[in-house]
Amino acid sequence: MKLLIIGGTGFLSSAMVEESLAAGHEVTAITRGRRANAHPDARWIVADRGNPHAFRAATQALEFDAVLDAICYTPEQAI
């Protein structure tokens, strides 16, 4: 399964990346680029969801079977 994980470097989201890779999924994580990417087997994209234009531009050409959002704090951030 092709997964997009929004986050990927925090406590919860890094575990989501690790467990998803261990289960054999193809993982892409999108982060703000403020922390090191701990999992070399994942694909990493740097974009800030606070900038909707940049966030869409970074992901619009990609296709995923599921999106796991570990940092959605407001209804406006739900994509």
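**Student:** Any chance you could explain the overall build of the protein chain here in plain terms?
**Tutor:** A tally of helices and strands in the protein chain yields two helices and four strands. In sequence order, the protein chain lays out its α and β elements as β-α-β-β-α-β. A principal-axis box enclosing the C-alpha atoms of the protein chain has dimensions of 30 × 25 × 20 Å. Going through the 79 residues of the protein chain one by one, you find that 30% of them count as buried. Accessible surface, the protein chain: about 5,200 Å² in total, of which carbon and sulfur atoms supply 52%. Distance from the positive charge centre (7 side chains) to the negative charge centre (9 side chains) of the protein chain: 9 Å.

**Student:** Mind showing me how you'd approach the environment of Asp-41 here?
**Tutor:** Along the chain, the position of Asp-41 falls in the loop between strand S2 (26-31) and strand S3 (43-46). Look at Asp-41 and you get exposed, because its relative accessible area is 66%.

**Student:** How should I be thinking about the side chain of Thr-28 in this particular structure?
**Tutor:** With respect to the secondary-structure elements, Thr-28 resides in strand S2. A relative accessible area of 4% places Thr-28 in the buried class. In this structure Thr-28 touches Leu-3, Leu-4, Ile-5, Arg-43, Ile-45 and Phe-64, once residues within four positions along its chain are discounted.

**Student:** Where do I start with the side chain of Ser-13 in this structure?
**Tutor:** Residue placement: Ser-13 occurs in helix H1 (residues 11-22). Judged by its relative accessible area of 5%, Ser-13 falls in the buried class. Excluding residues that lie within four positions of it along the chain, Ser-13 makes contacts with Ile-5, Gly-7, Gly-8 and Ala-70.

Parameters at a glance
- Residues numbered from 1 in each chain as written.
- Predicted model: local features only at pLDDT ≥ 70, side-chain atom pairs only at ≥ 80, totals over all residues.
- Heavy atoms only, no water.
- Helix = DSSP H or I, 4+ residues; strand = E, 2+ residues; numbered from the N terminus.
- Buried < 20%, exposed > 50% of the residue type's maximum accessible area, 1.4 Å probe, protein only.
- Areas by Shrake-Rupley, 256 points an atom, 1.4 Å probe, with all protein chains shown as cover.
- Lys, Arg positive; Asp, Glu negative; His and termini not counted.
- Charge placed at Lys NZ, Arg CZ, Asp CG, Glu CD.
- Contact = heavy atoms within 4.5 Å.

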